[in-house]
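# Structural features, examined
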Amino acid sequence: MSQEACESTPVSVPRNAGAKQAGEVRARWAWTERTVWTNRMLTALERGIKGGVWFSLTDKVYSLSNLRGAFARVKANGGSAGCDHQTIAMYEADLETNLQDLSDQLRNGVYCPQRIRRVYIPKPGSRERRPLGIPTVRDRIVQTALRNVIEPIFEWGFAEHSYGFRPNRGCRDALRRVDVLLKAGYTHVVDADLKSYFDTIPHQPLMDRISHKIADGRMLKLIEAFLTQGVLEGLETWTPTSGSPQGAVISPLLSNAYLDPLDHLMAGGNIEMVRYADDFVILCRSAADAREALELVQQWTANAGLTLHPDKTRIVDADLEGFDFLGYHFERGKRWPRDKSIKRFRDAIRAKTPRKHGHSLEVIIANVNWTTRGWFEYFKHSSYSNTFRSLDGWIRRRLRRILLKRHKKHRHNGLGNAHQRWPNAFFAEQGLFSMEAAYARIRQSAER
């Protein structure tokens, strides 16, 4: 066939080609809200839109179908009532009316977020307490609907090495990446910590960053309203001038958006950053690269209005000393649960095994197993079994003390012959989960 004929003859396209392409796009974005992100919008997202800026998004936030899906997610996540004392069950009692009212307020531009109820929760492994903001149910619904609309827009451009609060990513992926880099020779590590990151994000620079991708004025106004909504702390109300409160639905997305330029700055070359929310490490091949990386981070954070914690930011040689990341301690090619993770686990088990526990041993063990299985599932990639053996023995000793108390055997100098009266096999028969045994099974399976 001649070249002219090729150019003039219509190309035969299978009828199902378009459907197949749409299906592939949808598969890549299966986590998105279908009532918001159609196949056509997802295709436009991947191909790129003119100017890279999205307009006319607010109508997708207040659509009833999106609000219904948002409520379903809020209900699934649970959570306490906000400052209005309205629970999820109370909101659901007249759901359609409440959602219609919410949609009308958003459509007419009269929606106003209520105050956030601030509480303080224990900070794992520390005596400090972490502030947690609890929005009202209606505000959580709107924030979820808002996130449904804007998350894909930002997700499409996020850096590969950002793992925190992103679809189909998590701590295990970040830990796996760190392990791969260490084995590849990236052993000079910048162990960094952003001081009070969520509370110190500057509002205007954050809004400027968001406006690079979103040009819908009403959408920007809605996001800003959530950043500046009042905070009820005790009997006092105050308005934040910086930060995005932990506990708010959109805070993780906004925090990732603000740090995204840093992610891309650290990409490539002899510098590899692994970030999970505000917790990150930078792995390098040499001490000189690590110093250069730290200087870059210091300069960027200063320009971004953020602060590196002076006492928690350092450069370490992982072949000589260790560093902590996402609950693990890495050192000399090995990793195991860090001390703070073990302390947090022990505190959780202590709360479930007081000596004067009133429930049956069966109930106590079931409750302990729920915590132990989850903890082991996360830390099962430890390089050693010693931690699990030690914790298993400690748990059994606590259970023996409960049994001694019930049998009126008071021991002030230890457990006496309790380990003979209730040997390890006894607790195994009662269904107590053994982390040491589970670890041995995993190692045995891996060696086959």
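Bear in mind the structure is a predicted one, so any value in this text is a computation, not a measurement.

This part is about the pattern of salt bridges. In total, this model carries 20 salt bridges according to the counting rule given. Among the salt bridges present, the one from Glu46 reaches Arg28, with a minimum N-O distance of 2.8 Å. Of this pair, Glu46 sits in helix H3 (residues 39-47) while Arg28 is found in helix H2 (residues 17-28), placing the two residues 18 residues apart along the sequence. One salt bridge connects Arg138 with Asp139, and the closest N-O pair in it is separated by 3.3 Å. With relative accessibility at 13%, the residue Arg138 sits in the buried group. Asp139 gets classed as buried once you look at its relative accessible area, which sits at 0%. Through salt bridges that share partners, Asp191, Arg314 and Glu321 make up one connected network.

Here we come to the state of the cysteines. One pass over the structure, following the stated rule, counts zero disulfides. Not part of a disulfide, Cys112 finds its nearest cysteine sulfur in Cys83, a span of 11 Å.

Right, let's talk about the packing of helix H8 (residues 137-155) against helix H12 (residues 217-227) for a bit. Contact geometry for H8 and H12: axes closest at 12 Å, N-to-C directions at 135°. What the angle tells us is that H8 and H12 run oblique. The two elements H8 and H12 meet at a crossing, and its hand is left-handed. Residues Asp139, Val142, Gln143, Leu146, Val149 and Ile150 of H8 lie in contact with H12, whose contacting residues are Met219, Leu222, Ile223 and Phe226.

Quick look at the sheet that holds strand E2 (residues 129-134) now. In space, the four strands of this open sheet follow the order E2-E1-E4-E5, with mixed pairing throughout. Where the open sheet ends on each side, the last strands, each with one partner, are E2 and strand E5 (236-238). When the angles between neighbouring strand axes are averaged without regard to direction, this sheet yields 35°. Where strand E1 (residues 116-122) meets E2, six bridges bridge the pair, whose relative direction is antiparallel. When the bridges of E2 are listed, Ile121 appears paired with Arg130.

Take the packing of aromatic side chains next. The geometry of an aromatic ring pair comes down to the distance between the two centres and the angle between the two planes. Tallied over the full model, the rule gives 21 aromatic pairs. When the ring of Phe71 is compared with that of Tyr91, the centres are 6.1 Å apart and the planes differ by 25°; the resulting orientation is stacked. Residue Phe71 is located in helix H5 (residues 64-77), and its partner Tyr91 is located in helix H6 (residues 88-92); the two are separated by 20 residues in the primary sequence. Side by side, Phe71 and Tyr91 carry an identical accessibility label, which is buried. Ring plane angle 45° and centroid distance 5.7 Å describe the contact between Phe165 and Tyr276, whose orientation is recorded as tilted. A residue pair is termed long-range when its members are at least 10 positions apart, and Phe165 in the loop between H8 and helix H9 (171-183) and Tyr276 in strand E6 (residues 271-276) qualify at 111 residues. You can call Phe165 partly exposed: its relative accessible area is 45%. Look at Tyr276 and you get buried, because its relative accessible area is 17%. Aromatic rings pair up to connect Phe323, Tyr328, Phe330, Phe345, Trp375, Phe376, Tyr378, Phe379, Phe388, Phe433 and Tyr439 into one cluster. Directly above the ring of Tyr328 sits Arg335, whose terminal nitrogen or CZ lies 4.8 Å from the centroid. Sitting over the ring of Trp394, Arg346 keeps its end group 4.7 Å from the ring centre.

Conventions and cut-offs
- Residues numbered from 1 in each chain as written.
- Predicted model: local features only at pLDDT ≥ 70, side-chain atom pairs only at ≥ 80, totals over all residues.
- Heavy atoms only, no water.
- Salt bridge = Lys/Arg side-chain N within 4 Å of Asp/Glu carboxyl O.
- Helix = DSSP H or I, 4+ residues; strand = E, 2+ residues; numbered from the N terminus.
- Buried < 20%, exposed > 50% of the residue type's maximum accessible area, 1.4 Å probe, protein only.
- Disulfide = S-S within 2.5 Å.
- Axes fitted to C-alpha atoms, helices over the stretch in contact; angles between N-to-C directions.
- Parallel < 35°, antiparallel > 145°, perpendicular 65-115°, else oblique.
- Left-handed = near helix turned anticlockwise from the far one by under 90°.
- Contact = heavy atoms within 4.5 Å.
- Pairing = 2+ DSSP bridges.
- Phe/Tyr/Trp six-rings, centres within 6.5 Å; stacked < 30°, edge-to-face > 60°.
- Lys NZ or Arg CZ within 6 Å of the ring centre and 35° of its normal.

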